[in-house]
Structures are given as structure tokens and as C-alpha cells.
Amino acid sequence: MSATVGPSGRPGDGRTGQVIVASTRAAAGVYTDRTGPVIDAWLRERGWLVLDRAVVADGEPVGDALAAAIEAGLDLVITTGGTGVSPTDQTPEQTLPLLERQLPGIMEELRRRGTAATPLAVLSRGHAGIARGRTVVINLPGSTGGVRDGLAVLAELLDHLIDQVRGVDHAGTPAAADQHAAPAKASKAPSPKTVPRTGTPPKDPRHGH
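Presented here is an overview of the structure given in this document. (Residues numbered from 1 in each chain as written. Predicted model: local features only at pLDDT ≥ 70, side-chain atom pairs only at ≥ 80, totals over all residues. Heavy atoms only, no water.)

## Concerning the nonpolar core
The criterion, for reference: Take the buried residues of types Ala, Val, Leu, Ile, Met, Phe, Trp, Tyr and Cys, join any two whose side-chain atoms come within 4.5 Å, and each joined set is a nonpolar core. Categorising residues by exposure relies on relative accessible area from a 1.4 Å probe, with only protein chains included: less than 20% of the type maximum marks a residue as buried, more than 50% marks it as exposed, and the intermediate range marks it as partly exposed. Strands here mean DSSP runs of E at least two residues long; helices mean DSSP runs of H or I at least four residues long; both are numbered from the N terminus.
Formed by 24 residues in total, the largest nonpolar core has its most connected members in Ile39, Leu43, Leu76, Ile138, Leu140 and Leu158. Secondary structure elements with two or more residues in this core: strand S1 (16–22), helix H2 (36–45), strand S4 (76–80), helix H5 (104–114), strand S6 (128–131), strand S7 (135–140) and helix H6 (144–166). Considering each element in turn, this core owes the most residues, 7 residues, to H6.

## Considerations on helix H3 (residues 60–71)
For the record, the criterion: A helix is expected to span 1.5 Å multiplied by its residue count minus one. The arc under discussion is defined with respect to the helix axis, by the directions toward the C-beta atoms. Should any heavy atoms of two residues lie within 4.5 Å, those residues are considered in contact.
With 12 residues, H3 should reach 16 Å at 1.5 Å per residue; the first-to-last C-alpha distance of 16 Å fits that figure. Among all positions of H3, only Val62, Gly63, Ala65, Leu66, Ala69 and Ile70 are buried. The buried residues of H3 occupy an angular sector of 165 degrees when the element is viewed end-on, so they sit on one face. Opposite its buried face, H3 presents the exposed residues Glu60, Asp64 and Glu71, each directed more than 90 degrees away. In this structure, the buried residues of H3 make contact with S1, strand S3 (54–56), S4, helix H4 (91–95), S6 and S7.

## Some details on the environment of Leu158
Relative to the helices and strands, Leu158 is located in helix H6. Accessibility expressed as a relative area gives 4% for Leu158, which makes it buried. Sequence separation between Leu158 and Leu76 is 82 residues; the distance between their C-alpha atoms is 9.6 Å. Contacts of Leu158, omitting those with residues within four sequence positions, involve Trp42, Leu43, Trp48 and Leu76.

## So, unusual backbone geometry
With a phi close to 55 degrees, Arg132 is a non-glycine residue in the positive phi region. Judged by relative accessible area, Arg132 falls into the exposed class, the value being 53%.

## As for the packing of aromatic side chains
For the record, the criterion: Stacked, tilted and edge-to-face are the three classes assigned to paired rings of Phe, Tyr and Trp, where Trp is represented by its six-membered ring and a pair needs centres within 6.5 Å; plane angles under 30 degrees give stacked, over 60 edge-to-face, the rest tilted. Throughout this description, the term charge over a ring refers to an Arg CZ or Lys NZ atom that lies within 6 Å of the ring centre and within 35 degrees of the ring normal.
Applying the stated criterion across every chain yields a total of 0 aromatic pairs. For the cation-ring pair, Arg25 lies above Tyr31, with the distance from its terminal atom to the ring centre recorded as 4.6 Å.

## Here we look at the pairing of S7
Formally: At least two DSSP bridges between two strands are needed for those strands to be called paired.
Counting buried positions along S7 gives 6 out of 6 residues, so the element sits mostly inside the fold. Here S7 shows two buried faces, one formed by Thr135, Val137 and Asn139 and the other by Val136, Ile138 and Leu140. Judged from the 5 bridges that link them, S4 and S7 form a sheet pairing that is parallel. Along S7, the bridge assignment pairs Thr79 with Asn139.

## Some remarks on the environment of Val153
Topologically, Val153 is positioned in helix H6. Residue Val153 is classed as buried on the basis of its relative accessible area of 3%. With near-sequence residues (within four places) excluded, Val153 lies in contact with Ile106, Glu109, Leu110 and Arg113.

Read these as layout, nothing more, since geometry by itself doesn't imply function.
Right under this line is the structure:
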């Protein structure tokens, strides 16, 4: 599977990801998932190497699929589905124990944007964070609108987030620019007025004498 070049013109830098669909009905073949293919296509358009999508039943199978993706050392895992409050919605519970560092701001922004369309967006309980020091995990809702909002949030920060997790320094940041800026030329200070060694000092017109 070869990576492609996204609209920005830069390749995915070998970045690997996988989408996990949490849906008991889709896993049983009685429902066709519509969110997973959208996320797959979104990542590939940006040059990501995307592994085959995993479609699993709600609950422990989500945790098993997540653990396998993290063990494989992927850069990114996005889940879709199972973030609500129904008895079978267990994606957050399967995700949280695997995260070493949480990124709550991502989910806060996702919920904030979602409420513009429906107040029910605040019921999404998804998590975002980092596992094993290198794999970013994002829980998106199972609705097409929730996925659309989630991808809009990720479009603004995903490249920078992955670079930071990898420890890549961003050339061109203000700190880097200041570090490499050419030193300013020191201005030549005017020569101070000298007082004659002999005789009286020059009169100061400000004092009127």
C-alpha cells in the first residue's frame, strides 16, 4: 500500500493510521457503516498510509483492536462510534486505560462545534490522547455530522500534533527565527563633549549663564 500526496503537496512523511469502527450491527453485516470510509479517504488525501479498516462490535472488541493498533506502532488511530450513553456505548471505557497522556482540548472543541448543529453533541464522551508515547488516539462519534466536525478540528492541528509527538522541531517558528536572525549592527554612540583641561568649562545655555 503506497502513500499518496495530499492537496498541500507534501507527502505523509511515512505516517501510518487506522480507522476502527465500533458498531455491533456493522460488524454483523446488518448495517453499512458510512463514517469509516469518510475518515479513510480524508487521511489518504493527506498522504497518510492507511491500514485496512477494522469493523468490530461494541465493547471489548474495540479495546482489542485499539491495543493491536497501538502495539503495531501506528502514528494515529481514529475510532468512530460507541461514544454515546447507551448501554452498549463502551468506546471511551475501552480507550481511556490505554492512554498515557490525554488531549482533552480536542474533544472539547469537537463538542463545541457539534452543538452548533444539535445540543445532543454534548453527550459524546469520547477521549483523545497519546498511547505508548507515539500513537495518537481519537474517538469520534458514529454520526456523519460528528465525524465531519471531528475532521474539521483535526485538519487544523493534526500535522503539528504528530510532529510534536515525534519530537520534530518546527523551523520557522518565532523562537527558531530569532535564533538564526542576523545580529543587528550596533549604532555608533555620539562622542561626548569634552571639557578643556584648562580654562573655564563651556557655558550651558539651559541654565542661562
